[in-house]
Amino acid sequence: MGAELQSIIHKDFGLEYMWSGDPKFWGKKSPVLFPVVGVLKNNNYQYKGKSYQLGRHGFARNMEFEVTEQNKDSITFRLNSNEETFTNYPFQFSFFVKYSLDNNRLNVTYIVRNTGKEEMLFSVGGHPAFKVPLIDETTFEDYFLEFNHLKNADRWPISKDGLIEDVTIPVIEHTDKLPLKKSLFYEDALVFKHLVSKIIFILSHKTSHGIKLIFNGFPYLGIWSAKDADFVCIEPWCGIADSINATGNLADKDGINILPPAKSFEKTWSMELF
């Protein structure tokens, strides 16, 4: 279901890195976002004079994928367009999610193929939730995020309707670290556009265990947690929610990807566990 990653355990330590999926806070673990990321204005978009309804993060996360390839180090899932997807999304496609292991690194690859005869418009992204604290002797507030090549960054606030506001707010100033605290996410996710940094660590001074997430080629990033939950999502996106000023025309949407007929789009983000 949704080609959704369920668990990552480091065999040397017996340590689980993924969020448990406790429905009291948030019942997902690592949903795949396709063919939109975030919220559309009024859950609606227009394409070639027709209007379509599409909910937050699209439909892929709630649809069953099929396994197309599997070996000891990788597995690939596929979702094809069908009568159900055509109801809300008028494009023909094959969407693949591939997980591959390379020692202590897990690579997550999205491949979108346009199987139709017209241009395909889409967004795609990840939403993995990592367990914080990682070990019992620590608390959520013992952890921090560390960015490479970053000293300052502004977040794009999210409106009560889930849309991107048009005025940024400084959130990282004169440092490469962001201390984690539950209140950081009381006003929804931290959303960034075109960060200089393409690597984020989840670290603590109280443990040597942590996570390194690499997201080259993903122009947008979300960082989120449910209210008072013991996890943090680091979300690499090729796409973003509608802005408060969105026209509703899919071709005008911020972060939309345009794929010619018979062509493929491929992006990979990775996590290293230690």
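Preceding this section is the structure that the text describes.
Fair warning: this is a prediction, and the values are worked out from it, not measured in the lab. (Residues numbered from 1 in each chain as written. Predicted model: local features only at pLDDT ≥ 70, side-chain atom pairs only at ≥ 80, totals over all residues. Heavy atoms only, no water.)

### Here we look at the overall build of the protein
And then number 1: Tallying secondary structure elements over the protein gives 1 helix and 23 strands in all.
And then number 2: The C-alpha radius of gyration of the protein comes to 18 Å, within 12% of the 19 Å expected for a compact globule of 274 residues.
And then number 3: Out of the 274 residues in the protein, the part that is buried amounts to 56%.
And then number 4: Taking as baseline every contact in the protein between residues at least 6 positions apart, the subset at least 24 positions apart corresponds to 65%. (Helix = DSSP H or I, 4+ residues; strand = E, 2+ residues; numbered from the N terminus. Rg over C-alpha atoms; globule rule 2.2 N^0.38 Å. Buried < 20%, exposed > 50% of the residue type's maximum accessible area, 1.4 Å probe, protein only. Contact = heavy atoms within 4.5 Å.)

### Thoughts on the layout of surface pockets
And then number 1: The computed volume of the largest pocket comes to approximately 520 Å³.
And then number 2: In terms of lining, the largest pocket is formed by 20 residues, of which the most central are I8, I9, L101, N103 and L106.
And then number 3: At the level of elements, β1 (9–10), β7 (74–80), β8 (93–102) and β9 (105–114) are the ones that each hand at least two residues to the lining of the largest pocket.
And then number 4: The dominant element in the lining of the largest pocket, judged by the number of residues it contributes, is β8, at 3 residues.
And then number 5: Considered class by class, the residues forming the lining of the largest pocket number 8 nonpolar, 8 polar and 4 charged.
And then number 6: For the second largest pocket, the calculated volume is near 260 Å³.
And then number 7: Here the residues of the lining of the second largest pocket are counted per class, giving 10 nonpolar, 4 polar and 4 charged. (1 Å grid on protein atoms, 1.4 Å probe; cavity = no way out; pocket = protein on both sides within 12 Å on 5 of 7 lines; lining within 4 Å. Points joined across faces, edges and corners; volume = space filled by probe spheres on them. Nonpolar A, V, L, I, M, F, W, Y, C, P; charged D, E, K, R; others polar.)

### Focus: unusual backbone geometry
And then number 1: Here the bond from F34 into P35 is cis, since omega is 5°, no more than 30 degrees from zero.
And then number 2: Tracing the sequence through the fold places P35 in the loop between β3 (32–33) and β4 (44–47).
And then number 3: Backbone geometry at N43 places phi at a positive 55°, although glycine is not the residue there.
And then number 4: Assessed through its relative accessible area of 34%, N43 is described here as partly exposed.
And then number 5: The phi dihedral of H194 is positive, around 55°, even though this residue is not glycine.
And then number 6: Given the relative accessible area of 54%, H194 is considered exposed.

### Some remarks on empty space enclosed by the protein
And then number 1: For the coordinates displayed, the defined rule picks out 1 cavity of 30 Å³ or more.
And then number 2: For the largest cavity, the calculated volume is near 30 Å³.
And then number 3: If you trace the largest cavity, you find it lined by L5, S30, P31, V32, Y99, V108, Y110 and W269.
And then number 4: A per-class count over the lining of the largest cavity returns 7 nonpolar, 1 polar and no charged.

### Let's talk about the environment of A189
And then number 1: Residue position: A189 is located in the loop between β16 (177–179) and β17 (190–193).
And then number 2: For A189 and E235, which are 46 residues apart along the polypeptide, the C-alpha to C-alpha distance reads 9.9 Å.

### Describing the state of the cysteines
And then number 1: One pass over the structure, following the stated rule, counts 0 disulfides.
And then number 2: Distance from the sulfur of C238, which forms no disulfide, to the nearest cysteine sulfur (C233) is 17 Å. (Disulfide = S-S within 2.5 Å.)

No statement about biological role is implied by the geometric values presented.
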